[in-house]
Amino acid sequence: MVDPAPTARARAREAVHASILAAARARLTAEGPTQLSLRQVARDVGLVSSAVYRYFASRDDLLTAILVLDFDELGTAVEDADAARPRTDVGGRWTAACRAIRTWAIAHPGDFALLYGSPVPGYVAPPDTIEPASRTTHVLVRVVADAWRNRHADGSAWRGTPVPPPSAPGAVGSAVADAIAYVADRGFADDLPDEVVVRTLMAWTTVFGVVSFELFGQAVGSVSDPSAYFDEVTARLAWDIGFDVAR
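So, how was this worked out
Residues numbered from 1 in each chain as written. Predicted model: local features only at pLDDT ≥ 70, side-chain atom pairs only at ≥ 80, totals over all residues. Heavy atoms only, no water. 1 Å grid on protein atoms, 1.4 Å probe; cavity = no way out; pocket = protein on both sides within 12 Å on 5 of 7 lines; lining within 4 Å. Points joined across faces, edges and corners; volume = space filled by probe spheres on them. Helix = DSSP H or I, 4+ residues; strand = E, 2+ residues; numbered from the N terminus. Buried < 20%, exposed > 50% of the residue type's maximum accessible area, 1.4 Å probe, protein only. Contact = heavy atoms within 4.5 Å. Salt bridge = Lys/Arg side-chain N within 4 Å of Asp/Glu carboxyl O. Phe/Tyr/Trp six-rings, centres within 6.5 Å; stacked < 30°, edge-to-face > 60°.

Engineer: Honestly, the layout of surface pockets in this entry has me stumped. Any pointers?
Structural biologist: Regions of empty space are outlined by a rolling probe, equal in size to a water molecule, passed over the atoms. In this structure, the largest pocket occupies an estimated 600 Å³ of space. Forming the boundary of the largest pocket are 28 residues, of which I130, A133, S134, T137 and W204 lie nearest the centre. Looking at the lining of the largest pocket, the elements that each hand over two or more residues are α4 (59-83), α6 (109-116), α7 (130-149), α9 (177-185) and α10 (194-215). The greatest single-element share of the lining of the largest pocket, amounting to six residues, is contributed by α7.

Below, the structure written as structure tokens:
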């Protein structure tokens, strides 16, 4: 059965809902997430503050809606970048996915600050933000898992399983036990070595760390070409995990 077309009333409500979210995102860029106020957003869209509460019961509800929207938007950008490359081109997929993260972040600095910056005092993200937040990470893990899975194929980019540095027995596995279990439970790869998992985790956090340093001005005076530096970092991260990226 075909779903009925939305009524004029429903379309109007969706338009107001979208305008509130757009105004709130603009506020994020201008002032940061800690300053977000329903009253100010209401003024921006030409509503009395009481009207906004018909769409969002509280500031926290508005923050959650923005989080889900942003995570899904970023996830879609990264997934599309990955899908645009041949599946066997793991190096190209890795580079495209990482670049998509940076491109989206530069275009949406306020949203990035909400997602990956300092926590908003008093706000706790609800469980329904977890899956949207995972989309980008899943792309990076899938690239690594595919590189590992196809390591014996002709033309494989896999260089070889990285050798861990000297450490206490079992230190790697115990340090990232949650990540190891997550990769296995989600079906990415059931035989991915612990060392590859920990290096993937290190790469994921480093990618977002480099972007954060760039956006928040921490790399000023050190990095003269942020784009070239980012590409160099992500290529070396892939090498550290165990596969090559074309340079």
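Engineer: Which parts of the structure should I look at to understand α6?
Structural biologist: Residues spaced three or four apart along an α-helix point in a common direction, a consequence of the helix completing one turn every 3.6 residues. Burial within α6 is extensive, with six of its eight residues counted as buried. Taken residue by residue, α6 has G110, D111, F112, A113, L114 and L115 as its buried positions. If you follow the buried residues of α6, they end up packed against α1 (8-31), α4, α5 (90-107) and α10.

Engineer: It is not clear to me how the pattern of salt bridges should be interpreted in this structure. Could you clarify?
Structural biologist: It is possible for side chains bearing opposite charge to pair when their charged atoms get close. Summed over all chains, the structure comprises 20 salt bridges. A salt bridge links R102 to E214, with the shortest nitrogen-to-oxygen separation between them at 2.9 Å. Here R102, found in helix α5, pairs with E214, found in helix α10; they are 112 residues apart in sequence, far enough to count as distant. Overall, the relative accessible area of 14% leaves R102 in the buried class. Across the salt bridge formed by R186 and E131, the nearest N and O atoms sit 2.7 Å from each other. Here R186 is found in the loop between α9 and α10, whereas its partner E131 is found in helix α7, with 55 residues between them in sequence. Judged by its relative accessible area of 38%, R186 is partly exposed. Within the structure, one salt-bridge network assembled from shared partners comprises D82, R87, R93, D146 and R149.

Engineer: Would you explain the packing of aromatic side chains in this entry?
Structural biologist: Two descriptors summarise a pair of aromatic rings, namely the distance from one centre to the other and the angle between the planes of the rings. Applying the stated criterion across every chain yields a total of seven aromatic pairs. With centroids separated by 6.1 Å and ring planes inclined at 80°, the aromatic side chains of F71 and Y116 adopt a geometry described as edge-to-face. Highlighted residues: F71 in helix α4 and Y116 in helix α6, separated in sequence by 45 residues. Through pairs of rings, three or more aromatic residues link up here, namely F71, F112, Y116, F208 and F216.

Engineer: Could you clarify how one ought to interpret the environment of L201 in this entry?
Structural biologist: Turning to its location among the elements, L201 is positioned in helix α10. With relative accessibility at 30%, the residue L201 sits in the partly exposed group. Taking the C-alpha atoms as reference, L201 lies 16 Å from V211; in sequence the two are 10 residues apart. Leave out the neighbours within four places in its chain, and L201 touches V176 and A179.

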